[in-house]
Amino acid sequence: MKSDFLKYQAQTSPHPLAMEVSHANGSYIYDTQNKAYLDFVAGVSATPLGHNHPKVINAIKEQLDKYMHVMVYGEYAQKAPVELTKLLAKNLPYPLEKTYLTNSGTEAIEGALKLAKRATGRSEIISANNAYHGNTMGSMSVMGYEDRKQAFRPLLPDVRFITFNNEDDLNLITTKTAGVILETIQGGAGFIQPENGYLEKVRKRCDAVGALLILDEIQPGIGRTGTLFGFENYNCIPDILVIGKGLGGGMPIGAFTASTEHMDLLQNNPKLGHITTFGGHPVIAASALATLKEITESDLMAQALEKEQLFRKLLVHPLITDIRGIGLMLAVMTPSADITNKVILQSQDQGLILFWLLFEPRAVRITPPLTISNEEIIKGCNIILDILNKIQSQINNNK
Ligand SMILES: Cc1ncc(COP(=O)(O)O)c(C=O)c1O
């Protein structure tokens, strides 16, 4: 399978991990040799309830037995997407009430950028250096990492960049600004949290100049930071909230939520202001609804903070310089990209899945399913510590 994978399936990096997957269950993925891999990554934060959670699987199967795709987005009332958007509204603060369901995170970002322009009649978008919001043209235009977008220019005009957590830069947000888009916690940049009331200050500035604040919660959202959405930790409510990844419970999804007043603008001038064939797909929505119910009705969010403490207690080593992040969105920092690469690749050999962050080569991503057990955390951390000990002795021997 590996050679066909490399030959026929488009590749995006020179050295994909290329594990041949057989099946997955709970916190484990199994390869075709039936070797078990403990999953500390959760499909890059996309499977908050682990693999093949019975409630999610049942919801999908029940929906499959009723119907799959019946009509393009927005025409027919279908129970799963209706209940999903209603449950999101129930769990979100005013004025976040109406949700548009999309097929992916980047598509939700596109919708959010369009809505900010439509609502303000302005064109300028402000984003942050080192931000990642997806890979379609609009999302890539607001990506704050030139190396990865240079080859695809020209992109959207009227995009300016500020530095996350830099208050002086807030003056760049003006009456020309349609929207300010920020990740609540910068993901690709290295799990950088807002500091010193930064998001509150951005909110204030947006209010002062009439710009909309878009918060991208595609990574921190859905319980990972101990609250359903990361912004709840920072006393700042966005005008447009963008969700994805974990919401689908392992199925592809994106969503953007705004006030009714703003969202209704997509119906007129022009009508069909944002359309999609498959957005709000009933099977995907059924999976998302079961996932969201489980996360909001269980104590998994509280557990995320306890599990963070366990990771922090265990992952103490001279080669760990810092652990960034909150809850089960953690970036273990090593002194160099080389050490980080060794940790990630050797852990794979030893049956533990770790991964990189997009723009911070020293970071080891730890974003396990929220359902991971304490025993599994201990087991995985011991693998990491063993690898770090070996790397440390090699460094000592080479001195
Ligand atoms: C913060 C953030 N925004 C947007 C996206 C894009 O989501 P998708 O890959 O579903 O298009 C991602 C994906 O990694 C992300 O982490």
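Preceding block: the structure.
Residues numbered from 1 in each chain as written. Predicted model: local features only at pLDDT ≥ 70, side-chain atom pairs only at ≥ 80, totals over all residues. Heavy atoms only, no water.

What about the site of the ligand?
Alright, step 1. If you check the shell around the ligand, you find Ser104, Gly105, Thr106, Tyr132, His133, Gly134, Glu183, Asp216, Ile218, Gln219 and Lys245 and nothing else.
Alright, step 2. At 2.8 Å from an oxygen atom of the ligand is found a main-chain nitrogen or oxygen belonging to glycine 105.
Alright, step 3. One nitrogen or oxygen atom from the side chain of lysine 245 is found 2.9 Å from an oxygen atom belonging to the ligand.
Alright, step 4. In the complex, the protein chains occlude 81% of the 390 Å² of accessible area that the ligand would expose alone.
Alright, step 5. A per-class count over the shell around the ligand returns two nonpolar, six polar and three charged. (Near = heavy atom within 4 Å. Polar contact = N/O pair within 3.5 Å; in protein donor to acceptor, adjacent residues only side chain to side chain. Areas by Shrake-Rupley, 256 points an atom, 1.4 Å probe, with all protein chains shown as cover. Nonpolar A, V, L, I, M, F, W, Y, C, P; charged D, E, K, R; others polar.)

Quick word on the nonpolar core
Alright, step 1. In this structure, Phe40, Leu84 and Leu315 are the most contacted members of the largest nonpolar core, which totals 88 residues.
Alright, step 2. Here the element with the most residues in this core is helix α9 (residues 282-297); it accounts for nine residues.
Alright, step 3. Listed in part, the 21 residues of the second largest apolar core include Ala108, Ile181, Ala258 and Leu266. (Core = buried A, V, L, I, M, F, W, Y, C linked by side-chain atoms within 4.5 Å. Buried < 20%, exposed > 50% of the residue type's maximum accessible area, 1.4 Å probe, protein only. Helix = DSSP H or I, 4+ residues; strand = E, 2+ residues; numbered from the N terminus.)

Some points on the packing of aromatic side chains
Alright, step 1. Counted according to the given criterion, the structure contains nine aromatic pairs.
Alright, step 2. Aromatic rings pair up to connect Tyr73, Tyr100 and Phe256 into one cluster. (Phe/Tyr/Trp six-rings, centres within 6.5 Å; stacked < 30°, edge-to-face > 60°.)

A look at the sheet that holds strand β1 (residues 21-25)
Hydrogen bonds between backbone atoms are what pair the strands of a sheet, whose relative direction is either parallel or antiparallel.
Alright, step 1. An order of β1-β2-β3-β13 is seen for the four strands of this open sheet, with the pairing classed as mixed. The open sheet has two edge strands, β1 and β13 (352-353), and neither has a second partner. (Pairing = 2+ DSSP bridges.)

Side note on unusual backbone geometry
Alright, step 1. Residues tyrosine 94 and proline 95 are joined by a peptide bond in cis, for which omega reads 5°.
Alright, step 2. Position of proline 95 among the secondary structure elements: in the loop between α4 (79-90) and β4 (98-102).
Alright, step 3. In this structure, proline 270 follows asparagine 269 across a cis peptide bond, with omega equal to 0°.
Alright, step 4. Inspection of the secondary structure assignment puts proline 270 in the loop between α8 (260-263) and α9.
Alright, step 5. Positive phi, close to 55°, is recorded for asparagine 52, a residue that is not glycine.

Side note on helix α12 (residues 374-398)
Alright, step 1. Over its 25 residues, α12 extends 36 Å from the first C-alpha to the last, a length consistent with the 36 Å expected when each residue adds 1.5 Å.
Alright, step 2. When α12 is considered as a whole, its buried residues turn out to be Glu376, Ile377, Gly380, Cys381, Ile383, Ile384, Leu385, Ile387, Leu388, Ile391 and Gln392.
Alright, step 3. For α12, the elements touching its buried residues are β2 (28-31), β3 (36-39), α10 (300-314), α11 (337-349), β13 and β14 (363-366). (Expected span 1.5 Å × (residues − 1). Contact = heavy atoms within 4.5 Å.)

Quick word on the pattern of salt bridges
Alright, step 1. If you walk through the whole model with that rule in mind, you get twelve salt bridges.
Alright, step 2. Across the salt bridge formed by aspartate 207 and arginine 203, the nearest N and O atoms sit 2.8 Å from each other. Of this pair, aspartate 207 and arginine 203 both sit in helix α7 (residues 198-209), separated by four residues, roughly a single helical turn.
Alright, step 3. According to the relative accessible area criterion, aspartate 207 is exposed, its value standing at 52%.
Alright, step 4. When the shortest N-O distance is used, the salt bridge between arginine 203 and aspartate 239 registers 2.8 Å. Here arginine 203 is found in helix α7, whereas its partner aspartate 239 is found in the loop between β8 (212-216) and β9 (240-244), with 36 residues between them in sequence.
Alright, step 5. By relative accessible area, which is 14% here, aspartate 239 ends up buried. (Salt bridge = Lys/Arg side-chain N within 4 Å of Asp/Glu carboxyl O.)

A closer look at the side chain of histidine 262
Alright, step 1. Here histidine 262 is to be found in helix α8.
Alright, step 2. Histidine 262 gets classed as buried once you look at its relative accessible area, which sits at 17%.
Alright, step 3. Apart from the residues within four sequence positions on either side, histidine 262 is in contact with Leu115, Ala119 and Leu212.

Observations regarding the environment of methionine 137
Alright, step 1. Summarising the element assignment, methionine 137 is placed in helix α6 (residues 137-141).
Alright, step 2. Among the residues examined, methionine 137 registers a relative accessible area of 52% and is labelled exposed.
Alright, step 3. Those residues in contact with methionine 137 that sit more than four places away from it in its chain are Glu110, Phe152 and Leu155.

Considering α4
In an α-helix, one turn spans 3.6 residues; hence positions three or four apart end up facing the same way.
Alright, step 1. In this model α4 runs 16 Å from its N-terminal to its C-terminal C-alpha over twelve residues, within 8% of the 16 Å that 1.5 Å per residue would give.
Alright, step 2. Inspection of α4 places Ala80, Pro81, Leu84, Thr85, Leu87 and Leu88 among the buried residues, and these make up the whole buried set. Across the axial projection of α4, the buried residues extend over an arc of 160°, all falling on one side. Exposed side of α4, more than 90 degrees from the buried face: Lys79, Lys86 and Lys90 are the residues found there.
Alright, step 3. Where α4 is buried, its residues touch α3 (54-66), β4, β9 and α9. (Arc of directions from axis to C-beta.)

Structural notes on the packing of α4 against α9
Alright, step 1. Closest axis-to-axis distance for the α4/α9 pair is 8 Å, and the angle between their directions is 35°. Seen from above, α4 lies across α9 with left-handed handedness. Of the residues in α9, those in contact with Ala80, Pro81, Glu83, Leu84, Leu87 and Leu88 of α4 are Pro282, Ala285, Ala286, Ala288, Leu289, Leu292 and Lys293.
Alright, step 2. Residue composition of the contact of α4 with α9, by class: eleven nonpolar, no polar and two charged. (Axes fitted to C-alpha atoms, helices over the stretch in contact; angles between N-to-C directions. Left-handed = near helix turned anticlockwise from the far one by under 90°.)

Quick look at the sheet that holds β14
Alright, step 1. Pairing is antiparallel across the open sheet formed by three strands, whose spatial order is β11-β12-β14. Each edge of the open sheet carries a strand with a single partner, namely β11 (322-326) and β14. On average, each strand axis in the sheet is tilted by 20° relative to the strand beside it, whichever way the strands run.
Alright, step 2. Here five bridges tie β11 to strand β12 (residues 329-333), and the two strands are oriented antiparallel to one another. Bridge assignment links aspartate 322 to a residue of β12, and that residue is methionine 333.
Alright, step 3. Its contacts with the sheet place α10 against β11, β12 and β14, and it is angled at close to 175° to β11.

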